[in-house]
Amino acid sequence: MESRRLKNIIILILALLNLCLLGSLAIRINAEHASHRQAREQLVALFSAAGVSLDAKLISDETPPPSLTLIRDEAEEQTLAAYLLGGNPVRTDQGGGIFGYAEESGAAQFRSNGSFDVVCNRPLEDLRDYFQDFCDTFGYRDLTISMEDGTGTVTAVQYYQDYPVIGCAVTFTVENGVLKRAIGTHLPDSGTTSSSGEEPLSALSALAAFLNTIREGAVGTAVTDLYLCFELQSTTTALMTLAPAWCVVTDTASYYVNCITGVVSLA
């Protein structure tokens with residue numbers, strides 16, 4: 001009997017301890033939320049004082065992804081060249097990190113930084129299906145078709161880990177239903193995380209950096225959108241590096257705030 005009572009007391013003490021810990025955690029979380037809410041309100045006020053309206057709801061709590069270093073995938077390049085040229089293109093090493101692909105319909109060049117240029121004369125049966133299938137196969141979105149009577153341009157932006165990649169798009173030129181040229185950039189699937197050891201900028205910090213740009217003369221009266229993206233960068237050691245960035249969209253232009261360096265650049 002005494003043993004059972006002691007056991008019940010211990011269980012009760014443990015239960016009370018857990019409640020205390022949960023209560024402490026709840027208080028800390030509420031304090032963090034209150035602090036974040038206050039920071040949002042202060043930032044909105046600062047933007048207003050600078051003559052720019054900012055909706056606090058646009059300020060995301062999302063954590064930026066890490067920087068990535070990508071590794072060239074020659075097999076994927078071959079697949080992309082075959083899709084654009086048709087058939088089974090013959091590859092040649094042209095030196096300097098450039099591979100050429102040739103088919104009866106035309107030729108293509110792929111560079112080590114992911115850029116490519118295709119010149120061809122390839123009739124397409126169903127333009128919309130062809131370009132939509134291209135996007136689905138190679139990871140592009142935001143398909144825009146500007147076409148009249150089978151002549152015009154088609155553009156798309158590549159996404160990586162569900163984020164749009166700035167500086168990584170493709171433009172197709174079509175004449176009378178015939179694909180004439182494709183020029184753009186394509187990123188391989190393979191890559192490694194490259195940690196800088198620095199905490200990436202939150203949306204609040206990125207907007208604070210952007211506020212300084214406004215004070216230096218950036219044009220705009222309202223922030224209309226804010227979202228995460230990647231910026232494609234090339235260095236001497238890594239030809240394909242993706243750095244996370246916040247895209248700040250205003251009523252007149254878009255700006256990118258690098259999550260690692262804090263540098264603000266005009267789109």
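Reading the values: the criteria
Residues numbered from 1 in each chain as written. Predicted model: local features only at pLDDT ≥ 70, side-chain atom pairs only at ≥ 80, totals over all residues. Heavy atoms only, no water. Phe/Tyr/Trp six-rings, centres within 6.5 Å; stacked < 30°, edge-to-face > 60°. Buried < 20%, exposed > 50% of the residue type's maximum accessible area, 1.4 Å probe, protein only. Helix = DSSP H or I, 4+ residues; strand = E, 2+ residues; numbered from the N terminus. Expected span 1.5 Å × (residues − 1). Contact = heavy atoms within 4.5 Å. Polar contact = N/O pair within 3.5 Å; in protein donor to acceptor, adjacent residues only side chain to side chain. Salt bridge = Lys/Arg side-chain N within 4 Å of Asp/Glu carboxyl O.

## Thoughts on the packing of aromatic side chains
The full count for this structure, using the stated rule, is 13 aromatic pairs. Ring centres of Tyr101 and Phe110 lie 5.4 Å apart, and the angle between their planes is 85°; on these two criteria the pair is classed as edge-to-face. Residue classification places Tyr101 among the buried positions, given a relative accessible area of 1%. A residue is classified by how much of its surface remains accessible, and Phe110, at 2% relative accessible area, is buried.

## Points about helix H2 (residues 74-85)
For an α-helix the count is 3.6 residues per turn, leaving residues at separations of three or four pointing the same way. Over its 12 residues, H2 runs 16 Å from end to end, which matches the ideal 16 Å to within 8%, given 1.5 Å per residue. All of the buried residues along H2 are Glu76, Glu77, Leu80, Ala81, Tyr83, Leu84 and Leu85. Its buried side turned inward, H2 meets strand S3 (98-103), strand S4 (106-110), strand S5 (115-123), helix H3 (127-138), strand S8 (163-175) and strand S9 (178-185). Taking the backbone nitrogen of Ala75 as reference, a side-chain oxygen 3.1 Å away marks Asp73 as the first, capping residue of H2.

## Here we look at the environment of Gln161
Structurally, the position occupied by Gln161 is in the loop between strand S7 (151-160) and S8. By relative accessible area, which is 45% here, Gln161 ends up partly exposed. Along the chain, Gln161 and Asp189 lie 28 residues apart, while their C-alpha atoms are 9.7 Å from each other. Once residues within four sequence positions are removed from consideration, Gln161 is found in contact with Pro65, Leu68 and Phe230.

## As for the pattern of salt bridges
Think of it this way: side chains of opposite charge can pair up when their charged atoms draw near. Using the criterion set out here, one finds five salt bridges in the structure. The closest approach of N and O atoms between Glu77 and Arg72, which form a salt bridge, is 2.8 Å. Overall, the relative accessible area of 8% leaves Glu77 in the buried class. For the salt bridge of Arg141 with Asp162, the shortest nitrogen-to-oxygen distance reads 2.5 Å. Residue Arg141 is found in strand S6 (residues 140-148), and its partner Asp162 is found in the loop between S7 and S8; the two are separated by 21 residues along the sequence.

## Let's talk about the side chain of Thr250
Tracing the backbone through its elements, the reader meets Thr250 in strand S12 (residues 241-250). The exposure class of Thr250 is buried, given its relative accessible area of 8%. Here Ala253 takes part through its backbone oxygen, which lies 2.7 Å from a polar atom of the side chain of Thr250. Residues within four places of Thr250 in sequence aside, it is in contact with Phe210, Val219, Gly220, Ala222, Val223, Thr224 and Tyr255.

## Things to note about unusual backbone geometry
Unusually for a residue other than glycine, Asp149 sits at a positive phi of about 55°. Looking at the element boundaries, Asp149 is found in the loop between S6 and S7. For Asp149, a relative accessible area of 71% translates into the label exposed. Of note in this structure, Gln161 is not a glycine but carries a positive phi near 55°.

## A word on the environment of Leu58
Within the secondary structure layout, Leu58 lies in the loop between helix H1 (2-49) and strand S1 (68-70). Given the relative accessible area of 23%, Leu58 is considered partly exposed. Separated by 169 residues in sequence, Leu58 and Tyr227 place their C-alpha atoms 8.6 Å apart. Residues within four places of Leu58 in sequence aside, it is in contact with Val223, Thr224, Asp225 and Leu226.

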